[in-house]
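Spelled out from the first residue to the last, the chains are:
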Amino acid sequence: MEQQSKTLRLSADRAEEIQTAGNLLKNGGLVAIPTETVYGLAANALDGRAVAAIFAAKGRPMDNPLIVHISQLDQWAALVSEIPPRAMELANRFWPGPLTIILPKSPLIPDEVSAGQATVAVRFPSHPVARAVIDAAGVPLAAPSANLSGSPSPTEAQHVLADLDGRIDAVLDGGPCRVGVESTVVTLAQEVPRLLRPGGITPEQLSQVLGRVEVDPAVMNPLAAGEKVLSPGMKYKHYSPKANVILVKGNLSAYLEYVNSRVEEGVFALCYDGEQEALRVPAVAYGAKQDAAGQARHLFDALRKLDQMDARVVYARSPQPKGVGLAVYNRLIRAAGFEVVELG
Ligand code: AMP
Ligand code: MG
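Rules and cut-offs
Residues numbered from 1 in each chain as written. Chains lettered and ligands numbered in written order. Predicted model: local features only at pLDDT ≥ 70, side-chain atom pairs only at ≥ 80, totals over all residues. Heavy atoms only, no water. Pairing = 2+ DSSP bridges. Helix = DSSP H or I, 4+ residues; strand = E, 2+ residues; numbered from the N terminus. Axes fitted to C-alpha atoms, helices over the stretch in contact; angles between N-to-C directions. Phe/Tyr/Trp six-rings, centres within 6.5 Å; stacked < 30°, edge-to-face > 60°. Buried < 20%, exposed > 50% of the residue type's maximum accessible area, 1.4 Å probe, protein only. Contact = heavy atoms within 4.5 Å. Polar contact = N/O pair within 3.5 Å; in protein donor to acceptor, adjacent residues only side chain to side chain. Salt bridge = Lys/Arg side-chain N within 4 Å of Asp/Glu carboxyl O.

*Asks:* Now, about the sheet that holds strand β10 (residues 194–197): what can you tell me, with residues and values included?
*Replies:* Judged by pairing direction, the sheet is mixed, and its 11 strands sit side by side in the order β1-β8-β2-β3-β7-β4-β6-β5-β9-β10-β11 without closing on themselves. In this open sheet, the two strands that pair with only one neighbour each are β1 (8–11) and β11 (214–215). Examined bridge by bridge, strand β5 (residues 99–104) and strand β6 (residues 119–123) share five bridges and lie antiparallel to one another. Looking across to β6, one finds that Ile101 is bridged to Val122.

*Asks:* Describe unusual backbone geometry, with residues and values.
*Replies:* Note the cis peptide between Trp95 and Pro96, where omega equals -5°. Along the chain, Pro96 falls in the loop between α3 (85–94) and β5. With phi around 60°, Asp310 is a residue other than glycine that occupies positive phi space.

*Asks:* Can you tell me about the sheet that holds strand β16 (residues 340–342), naming the residues and giving the values?
*Replies:* Reading across the sheet, the five strands line up as β14-β13-β15-β12-β16 and stay open at both edges, with parallel pairing between neighbours. A strand with exactly one partner marks an edge of an open sheet, and here the two such strands are β14 (283–285) and β16. Along the sheet, successive strands turn relative to each other by an average axial angle of 25°, direction set aside. For strand β12 (residues 244–249) and β16, the ladder comprises three bridges, and the chain directions are parallel.

*Asks:* Would you mind going over the packing of aromatic side chains in detail, with residue names and values included?
*Replies:* Summed over the entire model, instances satisfying the criterion amount to four aromatic pairs. Ring centres of Trp95 and Phe124 lie 6.4 Å apart, and the angle between their planes is 70°; this geometry places the pair in the edge-to-face category. Here Phe124 lies in the loop between β6 and α5 (128–137) and Trp95 lies in the loop between α3 and β5, a separation of 29 residues in the sequence. In this structure, Trp95 and Phe124 share a single accessibility class: buried.

*Asks:* Could you give me a rundown of the environment of Gly287, with the residues and numbers involved?
*Replies:* If you trace the backbone, Gly287 turns up in the loop between β14 and α9 (292–308). Classification of Gly287 as buried rests on a relative accessible area of 4%. Between the C-alpha atom of Gly287 and that of Leu270, which follows or precedes it by 17 residues, the distance is 9.9 Å. Discounting residues that sit within four places of it in the chain, Gly287 has contacts with Tyr272, Asp273 and Gln295.

*Asks:* Which residues make up the side chain of Thr187, and what are the values?
*Replies:* Here Thr187 is to be found in strand β9 (residues 184–187). The buried category is assigned to Thr187, whose relative accessible area is 6%. Engagement of the side chain of Thr187 in a polar contact is seen with the backbone nitrogen of Ala189, the distance being 3.1 Å. Those residues within four positions of Thr187 in sequence are excluded, and the remaining contacts are Ile102, Pro193, Arg194 and Leu196.

*Asks:* Outline the pattern of salt bridges, listing residues and values.
*Replies:* When their charged atoms lie close together, side chains carrying opposite charge are able to pair. Counted under the stated rule, the structure contains 13 salt bridges. Across the pair Arg331 and Glu182 runs a salt bridge, and its minimum N-O distance is 2.7 Å. Remark: Glu182 occurs in the loop between β8 (170–173) and β9 and Arg331 occurs in helix α10 (residues 325–335); sequence separation between them is 149 residues. On the accessibility criterion, Arg331 (0% relative accessible area) is buried. Under the relative-accessibility criterion, Glu182 is labelled buried at 5%. Because the salt bridges share partners, they merge into one network encompassing Arg194, Arg212, Glu214 and Asp216.

Now the structure itself:
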């Protein structure tokens, strides 16, 4: 049997190790890198074979396209057929940052990246390490989240190793991610701009630049059987710990009464900060009630912790789907497979 090569541990604190990451990528390798959203599993976006290896390492369905990451605004033009004025306005306002913009692709984009679509998703991240690695590689990098397909996205190097140790060439440790959920995805490849995935840039912020923005129904709701999707990523079970997560909607006292009447081996709560004391089941908190940004930063780590604690059933406090909270809600309702309990 072929010996699995070991995954190199690199530190973003050392310039020469960022260069090592760049060299591995230049040579067709796979390196997990920190970004401000989550850790990405990067490969040379212009090399179809390197990109195909991302799908294999993650177990990602081949029809789910990847985001291409750039380190300078002027790298964008070669990747798309053209940059319309409203796209440039968006970029000027929100790049570098947690926003992905979809446009018709240029012939430079391999089919593996776009997964059969005529479009390509591009992002210019703000994380200095992500940008330094792209510079060191000298090519744009295709990078989905650096987790096994279906499991919660990684917000620390340790999460990456828990899923992908031995399956990728290296992980570059740059500490925890600031935003904590994946980028906002908006398509401009149609007349009315459409939000395909909520993230750190809110629909309200997009509307300030674009005017009317449609929110894709898949952001909040399950897909009907056989329904066609604009963003293939939305159709898969996602962000799921092994436990059965159930989203509980209602006020605190209703939540406490509901969960505390279900005390049993393996039953856990995913609650807001400060609520653990009132719960009679073991609980993990994912942020303060009024702090959507904090919830976004901690959600995926909280889901991974629940797995480590062998949670079997998790009753999760439902976040307010407003602002950045829309992204938190979108991830958590997928982690729950759309299983919701509404308390009167
Ligand atoms: P991830 O790589 O985990 O951040 O997921 C990328 C997300 O962007 C997935 O939901 C993809 O379906 C979506 N995406 C990437 N490229 C495109 C594209 N060309 N058209 C529509 N959705 C895309
Ligand atoms: Mg992902």
